[in-house]
Amino acid sequence: MPQNLFKIHEKEYVLPGTRACQGCGLSIAYRFALKALREDTIVTLPACCLCVLHGLYPLTPVLVPSVNNTFASTAASASGIAAGLAALNRTETTVVAFAGDGGTFDMGIQALSGAAERGTDFIYVAYDNEGYMNTGTQRSSATPMGALTTTTPVLTKQQHKKDFLKIMEAHQIPYIATTTPAYPIDLYDKFVRAKRIKGTRFIHIHTPCPPGWQYPTKDTIRIGRLAVDTGLCVLFEVENGKFRFTGRSRTLAEKGNKLPVVHYVEKQGRFKKMSIEQLNQLQAWVDDRWEEYKRKAAESK
Amino acid sequence: MTDARIITGNQAAALAARLCDVQVVAAYPITPQSQLAEMLSLYVESGQLRAEYVRVEGEHSAMTVCIGASTVGARVFTATSSNGLLYMHEQLHWAAGSRLPIVMCCVNRGVGAPWSIFNDQQDSLAQRDTGWIQIYCRDNQEILDTVIQAYRIAETVYVPVMVCFDGFVLSHTMMPVISPTPAAVRKFLPPYKPHTILDAENPMTINSVLLPNRRPDAEGVLCDGYMEMRWKLQNALDRTMEAIREVNRSFAEAFGRDHGGMLWTHRTEDADVILTSMGSLAAEATVAADALREEGIKAGVVGIRVYRPFPVKEAVEAYRGAKAIILFEKSISYGYEGGLCSDLKAAFYGSGIQATIHDYVAGLGGRDVKARELVEAVKSSLARIQAGEKDLKTTWLNCATE
């Protein structure tokens, strides 16, 4: 671990003074992502938590050029930037789209599917805090079963999270990765790898959110790691169709010591109304996916 | 030697985009625009146009791609119709708010529900308040010339331009069109210079959130609030009128064709009654005016070419001597009257123009409007005015309203 730390680019591209919430998982993820991507990058982002992080005009703490766009249009915006740069022979610039789960799983899916099908040369990042957190914790299709949100305030979310990674896999793009700010080196490495690949790359960041998930702000890393330990967030890469576990998830797969989801669920206020039946369903959902990933890993060997 | 071709309106628009050396095209097919999108892909794939063609999955993305590409400094083009334009609506505001010189053709078509694939102008009229310049063309030559003019206007004032022409009536009708040489167009239209350069040397975030009030930057310089930015867009649209007039003048000098800047007139000098419309119907009105003159009625035509910004000054001059103004509009502001009628009345306020105005809604969803019908409509309006009727309500031409 310590020798890995030295390879992380020293320069900071996110200066102090962001408008993100205390303990924001996205702040950590964005900091390490930009360190990996470096200067020659253009970020495009919709109205989302990242837009809040970027601050209010005329000030921004972010040292990478960025363009705001509308909610449904992030991947199309990236397509336009990439096309414009290609027309001007500036193809060395990395185009990165950063959107939340609402802007990806829900409203942005059409533009993302279109851009991926066209093989647009860009990195699409879905930072998934499992709800419309910017607007006050409303339900999205990425919200897990049993979570309280402000639009599922009594009964909790009744459906499982949309398996978006499968949707992206179906697009047969060259690189898909999952990561978490709880393991910043894993995150950094995946952005470095993605930057070197041409075509559409998709990175899913499981992003703990203290106000939305209702846990103490000091616990962002702990919650993020618990998500990995319980298999709610599985760290992997799919490069040209080859699946492999990475980091902590690889260890868990090898040793078979994945924890029950209750260890993750009990630490967050959003699950306080979850029924035993929902907990069992969530566990079954996690186990199914875990087995599927293990099969894929074995097939890819 | 003159390069004269017999081509459709869609072909004229595509040819114009090629002559303007557009660098990025993003388009999604919709009747009656499809042929335009197809022509451009043929140009790109056959190497006649060096451009990135992004075959988007919908019109919202078509406009978004144009916004992204224009932001980084590429000259962009798109075209759409009807519900495609409505689907873009959010991005039309975004393009104008971003002050990007995007040029788009709107091949005018009625909007659903219920479905119609045929022509009227409800689609573009419904985008009136998006901050785009709107120019209406009356024939295929004007389409080609206006697209070229549109880039120079847009890139002078950093406001996007919608070049509107009637679906099928122009888009699918072949007419003789003179094509300027690429060299002449390049001389008329210098390369696009973006107002902002996005690069690592000078990082910035474009279009971030603004507070209601002005705010200082890191050096303490007070910067615009949301209202100042909105005012700048409005101010730019006002200034745009001069740019449109200037571009029209220099285009006429360079290519010998003058389509009128903000509006055009036909036999209005001594006219008692002025027929008015936009696009191909205004051209039809000139045939009607000539026929009325043969019957001894002093008729003329004002064709509104630029609908936004609205040509208040030119309108007041053009209608000054008229006793009656008869409008034919291919759209309606539901619950009131045709949008052009309201705008003209507002333009006349305080000008001393007291002409009686009669508004007709005509040709919705492709219903044919013949010059003869315009003649009859004008004669019936004049009879009612002579009979002392003051308050002439909007009339739906050739429509079963019982």
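Residues numbered from 1 in each chain as written. Chains lettered and ligands numbered in written order. Predicted model: local features only at pLDDT ≥ 70, side-chain atom pairs only at ≥ 80, totals over all residues.

### Describing the overall build of chain A
Argument step 1. Of the regular secondary structure elements, chain A holds 13 helices and 8 strands.
Argument step 2. Here chain A has a C-alpha radius of gyration of 18 Å; the compact-globule value for 301 residues is 19 Å, and the two agree.
Argument step 3. Taken over the C-alpha atoms alone, chain A extends approximately 60 × 45 × 40 Å along its principal axes.
Argument step 4. Counting across all 301 residues of chain A, residues that qualify as buried make up 55%.
Argument step 5. Within chain A, contacts between residues separated by at least 24 positions form 69% of all contacts whose residues are at least 6 apart in sequence. (Helix = DSSP H or I, 4+ residues; strand = E, 2+ residues; numbered from the N terminus. Rg over C-alpha atoms; globule rule 2.2 N^0.38 Å. Buried ≥ 20, exposed ≤ 12 C-beta atoms within 10 Å, placed from the backbone. Contact = placed C-beta atoms within 7 Å.)

### Regarding the overall build of chain B
Argument step 1. Scanning chain B from terminus to terminus reveals 13 helices and 18 strands.
Argument step 2. For 402 residues, the compact-globule estimate of 2.2 N^0.38 gives 21 Å, and the C-alpha radius of gyration of chain B, at 22 Å, lies within 12% of that figure.
Argument step 3. Principal axes of the C-alpha set define a box for chain B whose edges measure 75 × 55 × 45 Å.
Argument step 4. Restricting the contact set of chain B to residue pairs at least 6 apart, pairs at least 24 apart contribute 79%.

### Focus: the packing of helix 11 (residues 312-319) of chain B against helix 12 (residues 339-348) of chain B
Residues and elements named next belong to chain B.
Argument step 1. Here helix 11 crosses helix 12 at 80°, and the two axes come no closer than 9 Å. Taken together, helix 11 and helix 12 sit at an angle that is classed as roughly perpendicular. For the pair helix 11 and helix 12, the contacting residues are Val312, Ala315 and Val316 in the first and Leu344, Ala347 and Phe348 in the second.
Argument step 2. Here the contact of helix 11 with helix 12 is built from residues that sort into 6 nonpolar, no polar and no charged. (Axes fitted to C-alpha atoms, helices over the stretch in contact; angles between N-to-C directions. Parallel < 35°, antiparallel > 145°, perpendicular 65-115°, else oblique. Nonpolar A, V, L, I, M, F, W, Y, C, P; charged D, E, K, R; others polar.)

### Details of the interface of chain B and chain A
Argument step 1. Taken residue by residue, the interface counts 41 residues in chain B and 40 residues in chain A.
Argument step 2. Those elements that place two or more of their residues in the side of chain B that touches chain A are strand 2 (24-26), strand 3 (52-54), helix 3 (59-71), helix 5 (89-97) and strand 9 (205-206) of chain B.
Argument step 3. Here the element with the most residues in the side of chain B that touches chain A is helix 3 of chain B; it accounts for 9 residues.
Argument step 4. Across the side of chain B that touches chain A, the residue classes break down as 22 nonpolar, 12 polar and 7 charged.

### Re the domain arrangement of chain B
Residue and element names in this part refer to chain B.
Argument step 1. Domain assignment breaks chain B into domain 1 (3-188) and domain 2 (263-396).
Argument step 2. Placing a centre on the C-alpha atoms of domain 1 and another on those of domain 2 gives a separation of 28 Å.
Argument step 3. Taken residue by residue, the interface counts 24 residues in domain 1 and 19 residues in domain 2.
Argument step 4. Residue assignment for the side of domain 1 that touches domain 2 shows that the elements contributing at least two residues are helix 6 (122-125), strand 6 (133-136) and strand 7 (161-166).
Argument step 5. For the side of domain 1 that touches domain 2, the element with the most residues is strand 6, which contributes 4 residues.
Argument step 6. Among the residues forming the side of domain 1 that touches domain 2, the class breakdown is 12 nonpolar, 7 polar and 5 charged. (Domains from an automatic or database assignment.)

### Overview of the nonpolar core
Argument step 1. The biggest cluster of nonpolar side chains holds 216 residues, and the ones touching the most others in it are Val125 of chain A together with Val24, Val147, Val163, Leu275 and Val378 of chain B.
Argument step 2. Counting residues domain by domain, this core receives three or more from each of domain 1 (3-188) and domain 2 (263-396) of chain B. (Core = buried A, V, L, I, M, F, W, Y, C linked by C-beta atoms within 7 Å.)

### Remarks on the sheet that holds strand 7 (residues 236-239) of chain A
Argument step 1. Overall, mixed pairing links the 9 strands, which are arranged 8(A)-7(A)-5(A)-6(A)-4(A)-3(A)-1(A)-2(A)-9(B) in an open sheet. Bordering the open sheet on either side are strand 8 (242-245) of chain A together with strand 9 of chain B, each of which pairs with just one other strand.
Argument step 2. Two elements, strand 1 (residues 41-45) of chain A and strand 2 (residues 66-68) of chain A, share 3 bridges in a ladder whose sense is parallel. Its bridge partner lying in strand 2 of chain A, Val43 of chain A is registered against Ser66 of chain A. (Pairing = 2+ DSSP bridges.)

### Focus on the sheet that holds strand 12 (residues 263-266) of chain B
All names here are of chain B.
Argument step 1. Spatial ordering of the open sheet is given by 12-14-13-16-17-18, a layout of 6 strands whose pairing is mixed. The sheet is open, and its two borders are formed by strand 12 and strand 18 (395-396), each paired with just one other strand.
Argument step 2. In the sheet, strand 12 pairs with strand 14 (residues 299-304) via 4 bridges, with the strands oriented antiparallel. Bridge assignment links Trp264 to a residue of strand 14, and that residue is Gly303.
Argument step 3. Against the sheet, helix 11 makes contact with strand 12, strand 13 (273-277), strand 14 and strand 16 (324-329), and its axis sits at roughly 10° relative to strand 12, the strand it touches most.
Argument step 4. Across the sheet, helix 13 (residues 371-386) is in contact with strand 13, strand 14, strand 16 and strand 17 (356-361); its angle to strand 16 comes to roughly 140°.

### Some points on helix 1 (residues 9-19) of chain B
Residues and elements named next belong to chain B.
Argument step 1. Summarising burial for helix 1: 11 of the 11 residues are buried, a large majority.
Argument step 2. The set of residues buried in helix 1 consists of Gly9, Asn10, Gln11, Ala12, Ala13, Ala14, Leu15, Ala16, Ala17, Arg18 and Leu19.
Argument step 3. Where helix 1 terminates, the next one or two residues include Asp21, which has phi positive at roughly 50°.

### What to know about helix 11 (residues 247-255) of chain A
Residues and elements named next belong to chain A.
Argument step 1. For helix 11, the set of buried residues is Ser249, Leu252 and Ala253. Along the long axis of helix 11, the arc covered by the buried residues comes to 100°, so they all point the same way. Of the residues in helix 11, the exposed ones pointing more than 90 degrees away from the buried face are Glu254 and Lys255.
Argument step 2. Gly256 occupies a position one or two residues after helix 11 and carries a positive phi of about 70°. (Arc of directions from axis to C-beta.)

### Some words on the packing of helix 3 of chain B against helix 5 of chain B
The packing of two helices is summarised by the inter-axis angle and the distance between the axes.
Residue and element names in this part refer to chain B.
Argument step 1. It is the contact of helix 3 with helix 5, at a shortest axis distance of 8 Å, that shows an interaxial angle of 15°. By the angle between their directions, the pair helix 3 and helix 5 is classed as roughly parallel. Note on packing geometry: the crossing formed by helix 3 with helix 5 is left-handed. Contacts between helix 3 and helix 5 involve His60, Met63, Thr64, Cys66 and Ile67 on the former and, on the latter, Glu90, Gln91, Leu92, Trp94 and Ala95. (Left-handed = near helix turned anticlockwise from the far one by under 90°.)

### Quick word on the environment of Ile135 of chain B
Residue and element names in this part refer to chain B.
Argument step 1. Relative to the elements of secondary structure, Ile135 occurs in strand 6.
Argument step 2. Given 28 C-beta atoms within a 10 Å radius, Ile135 is considered buried.
Argument step 3. C-alpha of Ile135 to C-alpha of Lys187: the two residues are 52 residues apart in sequence and 23 Å apart in space.
Argument step 4. Those residues within four positions of Ile135 in sequence are excluded, and the remaining contacts are Thr146, Ala150, Val161, Val163, Cys164, Arg305 and Val306.

### Here's the deal with unusual backbone geometry
Argument step 1. With omega at 5°, the peptide bond leading from Tyr57 of chain A into Pro58 of chain A counts as cis.
Argument step 2. As for its placement among the helices and strands, Pro58 of chain A is situated in the loop between helix 3 (49-53) and strand 2.
Argument step 3. With an omega of 0°, the peptide bond running from Thr31 of chain B to Pro32 of chain B counts as cis.
Argument step 4. Considering the arrangement of structural elements, one finds Pro32 of chain B in the loop between strand 2 and helix 2 (34-45).
Argument step 5. Backbone geometry at Asn240 of chain A places phi at a positive 45°, although glycine is not the residue there.
Argument step 6. Not every positive phi belongs to a glycine, and Arg99 of chain B is a case in point at roughly 60°.
Argument step 7. Within the secondary structure, Arg99 of chain B sits in the loop between helix 5 and strand 5 (103-108).
Argument step 8. For Arg99 of chain B, a count of 20 C-beta atoms within 10 Å gives the class buried.

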